[in-house]
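Chains, contacts and geometry: an overview
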Amino acid sequence: MTFIKWQQQRQAERKMWHPTWIVLTGAVLLIVTGVTHQSVSCFNISATQIHTLRLDHNLKLTWMMDWYKKEVLFHVQNTFLHGRYKFFALGFSPRGELKRTDLCVFLTGAGGAFSQALDTYTSRDFNRIYVDSEQNCEVMRIDENSVAFRRKFDSCDPQDVSIHGGTMYVVWLRGKTELNFGKNWTVMPTVGKADQGVLPVQILRADAITIPEAKSVVKRVEILLDKAKIPAEETTYWCKVQRLDDWLAKKKHHIVQFEPVISHEHVVHHMEVFQCVVDPGVKIPLYEGNCAQMPAEAKICNKVMALWAMGAGPFTYPHETGLPIGGEGFNPYIRLEVHFNNPDMKKGIVDSSGMRINVVSKLRKYDAAIMELGLEYTDKMAIPPGQVAFPLTGYCIAECTKVALPSGGIHIFGSQLHTHLRGVRVLTRHFRKGVELPEVNRDDFYSHHYQEIRQLRYRPKVLPGDALMTTCYYDTRGYETATLGGFSISDEMCVNYIHYFPATELELCKSAISEKSLYNYFKYMKEVEKQSMTPGGARSDNYHSIHWTKTRSDQLFEYYLEEPLSMQCNRSDGFRFEGYDWEGAPITEFNPPRSTLRANCDIPPELHWFKPLEMGHCDVFGECIYEDEKIKE
């Protein structure tokens, strides 16, 4: 259908259809019906159901989910600035690239009427905008200064980007020139930097959580660096040991919210606040400086209490739980650790970043806790160069949860996925007696620039004997040597920090390949593959000495899937739970991950020719959701 015919059809439909539209403002939902005789109905809805994102200093995106109809209702304020702009476009890009972006384009019509909306997508070179074969931008209202529309979670249209629960990228632009789609496409208009943007966001998110206690009873605790002079080095971990104030040290409180205080966004990569798990009478030396020179006594401070990573905001606990702090049995010292990433080796950075923690004295029903899932921070694991999406998996095996969790299990309510530069996808799967249950968390379009602690709408219950698997996928195209696990930004991590209740002693449930298996691997590479290495020597040297080919990369992938584990089933004091031989532990058997994108869609035959906007290169399991090009950072 040509654009002209489609436009005529839309105009005919408008004569028969009285649109329904919404405006999301505060906690009131306005529904307006009719065209010439409008009536307004107001419905009170919870403010926690409404989510907002500032596109720039005056453009505001607001949305809410209709989970029953599986659609999202969007509203954008200040779009046309009362006629100054002729078009406004809002849409989604799979990984933040402007090419092959799904856009809803809103146009001004003849005489300034705001009446046209098009479902479109951009070309691979971002030089053209094409009209979709199917139109799925359902307009609810366009006026001189705003737009309101709705989109299905998944239209099953390959020319649309499906709205999912992972990281998405909102793309917007507007211009003062009129767009002509007479040929079902138009040349991409020239717009200034101030009139366009790309922002990461989670659209399908759980309702926001408020603090039910009165503001007057919520007290604030801050642990901030004191004008720390950051070295001109790529990676620095900076620590501060601080004693709690007496009012908090003497009485147990619950943390109900924590939020970051960031001085330099361009160098602060992530932060953690740790509890010192030791007898309350033990004094920990106060300290502020490079973590490498921190007093040995402070190394006992390693139980995570609060954490933040790039892109995250405040984190609020559900009403029934809070993280314990202070009181009898609680050592009054805490430690802040800030990871500075300074790849340009800039000098003279003075930073006072840290965390702000809100607490209440009236305790909630459950004590909460944080547990680390995934891989050890160790160079036992490696990612070969030149890989599109190489997977590494860290296990929390059934034997660990069996000895460490209470009989009633735990409830997971929050999750923060974490990798360094090369991570492109992360998911945590849940198994019970060999049967896979719904996933704990998944981000198919993960970005290390946007690492929120996400409230989970579905809160898994993990019982003793359950197993959890966290798999991270890495893109190493453009790199010439293997990437190893470790603490540096140039190393890699694979972690899921889960927030749960009731609290247990289980702090780490992470793994890596066993020492014996790794020795045998290096021995095989030396004796059979004739690689220059020393099986009992430094792991990093051995991995870097391998001449990587596709065959050797595939061999390593299969080896990691088959060999026993070195399992870290650890308490907060760093010691493993008793009752099992954790070195040489078995891996959890599993089938390849199940795809969640368009799993229930039948693509219309007339669109089989079109490569879906979300589709890129494929991983070893055959899932093709990775970008066609990767720029080395």
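As shown above, the structure is provided for reference.
Report on the accompanying structure. (Residues numbered from 1 in each chain as written. Predicted model: local features only at pLDDT ≥ 70, side-chain atom pairs only at ≥ 80, totals over all residues. Heavy atoms only, no water.)

With respect to helix α6 (residues 550-562)
Taking 1.5 Å of rise per residue, the 13 residues of α6 would be expected to cover 18 Å, and the 19 Å separating its terminal C-alpha atoms lies within 8% of that figure. Among all positions of α6, only Arg552, Ser553, Leu556, Phe557, Tyr559 and Tyr560 are buried. One face of α6 carries all of its buried residues, which in axial projection span an arc of 165°. Turned more than 90 degrees away from the buried face of α6 sit Lys550, Thr551 and Glu562, all of them exposed. Those residues of α6 hidden inside the fold are in contact with β30 (382-383), β31 (390-396), β40 (506-513), α4 (515-527) and α5 (539-544). (Helix = DSSP H or I, 4+ residues; strand = E, 2+ residues; numbered from the N terminus. Expected span 1.5 Å × (residues − 1). Buried < 20%, exposed > 50% of the residue type's maximum accessible area, 1.4 Å probe, protein only. Arc of directions from axis to C-beta. Contact = heavy atoms within 4.5 Å.)

Brief notes about the side chain of arginine 174
When you line up the elements, arginine 174 lands in strand β13 (residues 168-175). Classification of arginine 174 as buried rests on a relative accessible area of 3%. At 2.8 Å, the side chain of arginine 174 and the backbone oxygen of asparagine 78 are in polar contact. A polar contact of 2.9 Å, which involves the side chain of arginine 174, links it to the backbone oxygen of threonine 79. Setting aside its immediate chain neighbours within four residues, arginine 174 contacts Asp56, Asn58, Leu59, Asn78, Thr79, Leu81, Tyr85, Phe87, Phe88, Val191 and Asp195. (Polar contact = N/O pair within 3.5 Å; in protein donor to acceptor, adjacent residues only side chain to side chain.)

Section: empty space enclosed by the protein
Under the counting rule described, the total for this entry stands at 7 cavities of 30 Å³ or more. In this structure, the largest cavity occupies an estimated 180 Å³ of space. For the largest cavity, the lining is made up of 15 residues, of which Pro94, Lys99, Leu613, Glu627 and Asp628 are closest to its centre. For the lining of the largest cavity, the per-class residue count stands at 6 nonpolar, 2 polar and 7 charged. Put simply, the second largest cavity is a space of about 110 Å³. Looking at the second largest cavity, it is lined by 15 residues, and the ones nearest its centre are Met381, Thr393, Tyr395, Tyr560 and Leu561. Within the residue set of the lining of the second largest cavity, elements represented by two or more residues are β31, β40 and α6. Looking at the lining of the second largest cavity, the element that brings in the most residues is β31, giving 4 residues. Class assignment of the residues belonging to the lining of the second largest cavity gives a composition of 12 nonpolar, 2 polar and 1 charged. (1 Å grid on protein atoms, 1.4 Å probe; cavity = no way out; pocket = protein on both sides within 12 Å on 5 of 7 lines; lining within 4 Å. Points joined across faces, edges and corners; volume = space filled by probe spheres on them. Nonpolar A, V, L, I, M, F, W, Y, C, P; charged D, E, K, R; others polar.)

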